[in-house]
Amino acid sequence: MVEKDDPKTRFKDDRPELEFLTTQPENAQVANYSQYEKFLTSNEAFFIRNHYSTPAIDEGKWELSITGLVDEEVTLSLNELKESFPTESVVNVLECSGDGRTAFKPDADGHQWSFGAISTARWTGIPLSALLKAAGAVTNDDLWLTVIGADAPKSEPIFARSLPMSKVLDDCLLAYEMNGELLPAEHGFPARLIVPGWYGNNSVKWVRRLNVMETMMHGEEWKQYSKWHQQRYRILPKGEEPIEYENVDVFDTQDQMEADAIRHPYLFDKLVNSLIIKPTKGVITPTDRTVTITGIAWAGDDIVTRVEVSTDGGETWTDAELVGQEGGQFTWQRFRYDWNASPGDHMLVSRATDDRGRGQPATISDPDEKLLQITDAKFPWNQRGYGNNAYMTRSVDVTVET
Ligand SMILES: Nc1nc2c(c(=O)[nH]1)N[C@H]1C(S)=C(S)[C@@H](COP(=O)(O)O)O[C@H]1N2
Ligand SMILES: [Mo]
């Protein structure tokens, strides 16, 4: 490990691009949304979300094992991995499912992220399909792959996620590069999972084992591994304990909210959402009355087809222009709107729609409503404040002066 990547010696002063919520473990969000004007976020400005401190991993000793429903258990060194398998790249937005948690009232449990727990990088690594094939894994669509991280101290539950085999084979990567550089320690060195379009919690960092299984992790046998899959990262109404399912057959997070068979959705793919980058809150003095409003919109593994902007707090809406989605399906869509601004106070809001016709709700519900799904334009308040895509919580107040 190089010295600067030692979490004990790296302090927040080294990273002006980030606003640290905690330093040990490191949890930091993008400090200035102007970062989002670029379609890739630099490795230095990329948000960090760690449950445990960044582990010091010796790449010479690190190994990946592939276990479970396989012909033969396989163990691979980093060199074997890099030499024996094809690589692919994907530009993918990582968004923490707790992004926007500050908007839940009363407060939801967890780090109080505003809207900076989202970033985009180009990830390069090995398709999981190639790795599983090499181990002679059984890969029927109804199976699961449990991906296990190496960061938990001995006494703590291991960070691991169970992912449906169909998604795994489709497009998941074991990435070892981020924006053309080796993965930085805090982003999962030497190898992490990338699950395109899905919430960040699925993209396990510091991967050490892949286990092919008939069910998701659950019950006594997987107790040491399943906390972050079954107990956390679930949408829980006030007063309810998570139901541990063995299997679900709906993976889209919003579809899960609507499915009777799933009471407490898992945070899998990202909900449709958007964010205004410019102007920022405060006084603006346009030279010719035109104020360009810019922002980003994203929809997980769906596609953003429309973004609307309101300059009167959501009373009236106008279509924004979609300006190129460089990088493909899993990056964010930028938008702009040239606003002919009249002097006075304005509340700017944006809302996106995806190719399935799903939009953003206006607000977040009251906990006592105990909503299970988006209802009457309200996002369900939930105990841990996941998945907020309500547009009014992201509004920007500006005063236009002449
Ligand atoms: N092993 C491990 N993987 C992990 C985590 C973790 O704490 N441990 N955090 C997850 C969460 S909640 C998110 S949002 C992303 C954040 O990735 P980043 O720190 O590279 O931005 O990593 C995920 N992978
Ligand atoms: Mo997260």
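Going by the structure above, here's the rest.
Throughout this description, residue numbers start from 1 for each chain and increase along the sequence as written. Whichever chain is written first is A, and whichever ligand is written first is 1; the rest continue in order. Only residues with pLDDT of 70 or above have their local features reported here, since the model is predicted, and side-chain atom pairs are shown and tallied only from 80 upward, although totals for entire chains, interfaces and linings are computed over all residues. Here the side-chain values reflect all heavy atoms present in the structure, with hydrogen atoms and water set aside.

**Q** Would you mind going over the site of ligand 1 in detail, with residue names and values included?
**A** In the neighbourhood of ligand 1, 19 residues make up the surrounding shell, with Phe47, Asp151, His187, Arg192 and Lys205 lying closest. Here His187 contributes a side-chain N or O atom positioned 2.6 Å from an oxygen atom of ligand 1. The protein chains hide 100% of the 530 Å² of surface that ligand 1 would expose on its own. Following the grouping adopted for this structure description, the nonpolar residues are Ala, Val, Leu, Ile, Met, Phe, Trp, Tyr, Cys and Pro, the charged ones are Asp, Glu, Lys and Arg, and the polar ones are all others, Gly among them. Classifying every residue of the shell around ligand 1 by side-chain character gives nine nonpolar, six polar and four charged. Proximity is defined per residue: if any heavy atom of the residue lies within 4 Å of a molecule or strand, that residue is considered near it. Distance and chemistry together define a polar contact, namely a pair of N or O atoms within 3.5 Å, with one atom able to donate a hydrogen and the other to accept it when in protein, and with adjacent residues in sequence counting only for side-chain atoms on both sides. Here the Shrake-Rupley method, with its probe set to 1.4 Å, supplies the accessible areas, and only the displayed protein chains count as covering residues.

**Q** Residue-level account of the pattern of salt bridges, with values.
**A** Each salt bridge in this description consists of a side-chain nitrogen of Lys or Arg and a carboxyl oxygen of Asp or Glu lying within 4 Å of one another. Applying the stated criterion across every chain, the model contains 19 salt bridges. In this structure, Arg351 and Glu308 form a salt bridge, with 3.0 Å as the shortest nitrogen-oxygen distance. In this pair, Arg351 sits in strand S21 (residues 344-354) while Glu308 sits in strand S17 (residues 304-310), placing the two residues 43 residues apart along the sequence. The exposure class assigned to Arg351 is partly exposed, which follows from its relative accessible area of 21%. When its relative accessible area of 9% is taken as the criterion, Glu308 is described as buried. Each of Asp252, Asp255, Asp302, Asp354, Arg356 and Arg358 takes part in one network of salt bridges that share partners. Secondary structure follows DSSP: runs of H or I at least 4 residues long count as helices, runs of E at least 2 residues long count as strands, and numbering of each begins at the N terminus. Burial classes follow relative accessibility: with a 1.4 Å probe on protein chains only, a residue under 20% of its type's maximum area counts as buried, one over 50% as exposed, and anything between as partly exposed.

**Q** How would you sum up the nonpolar core? Please name residues and give values.
**A** Core analysis: the largest hydrophobic core is formed by 59 residues, its most contacted members being Ile66, Leu81, Leu128, Leu131 and Leu210. If you list the elements that add at least two residues to this core, you get strand S4 (63-68), strand S5 (74-77), helix H1 (78-84), helix H2 (128-134), strand S8 (144-149), helix H3 (165-171), strand S10 (173-178) and strand S13 (207-213). A per-element tally of this core places H2 first, with four residues. In this structure Leu131 touches Leu64, Ile66, Leu76, Leu81, Phe85, Ile126, Leu174 and Leu210, once residues within four positions along its chain are discounted. Among buried residues, the Ala, Val, Leu, Ile, Met, Phe, Trp, Tyr and Cys ones that are joined through side-chain atoms within 4.5 Å form a nonpolar core. Every residue pair with non-hydrogen atoms within 4.5 Å of one another is taken to be in contact.

**Q** Describe in detail the sheet that holds strand S19 (residues 321-322), supporting the description with residues and values.
**A** Should DSSP find at least two bridges between two strands, the strands are taken to pair. Taken together, the four strands give an open sheet; going across it, the order is S14-S16-S20-S19, and neighbouring strands pair in antiparallel fashion. Looking at the sheet topology across the chains shown, the edges are occupied by strand S14 (273-278) and S19. Of the strand pairs in this sheet, S19 and strand S20 (residues 333-340) are connected by two bridges, and their pairing is antiparallel. Following the sheet pairing, Glu321 is matched in S20 by Arg336.

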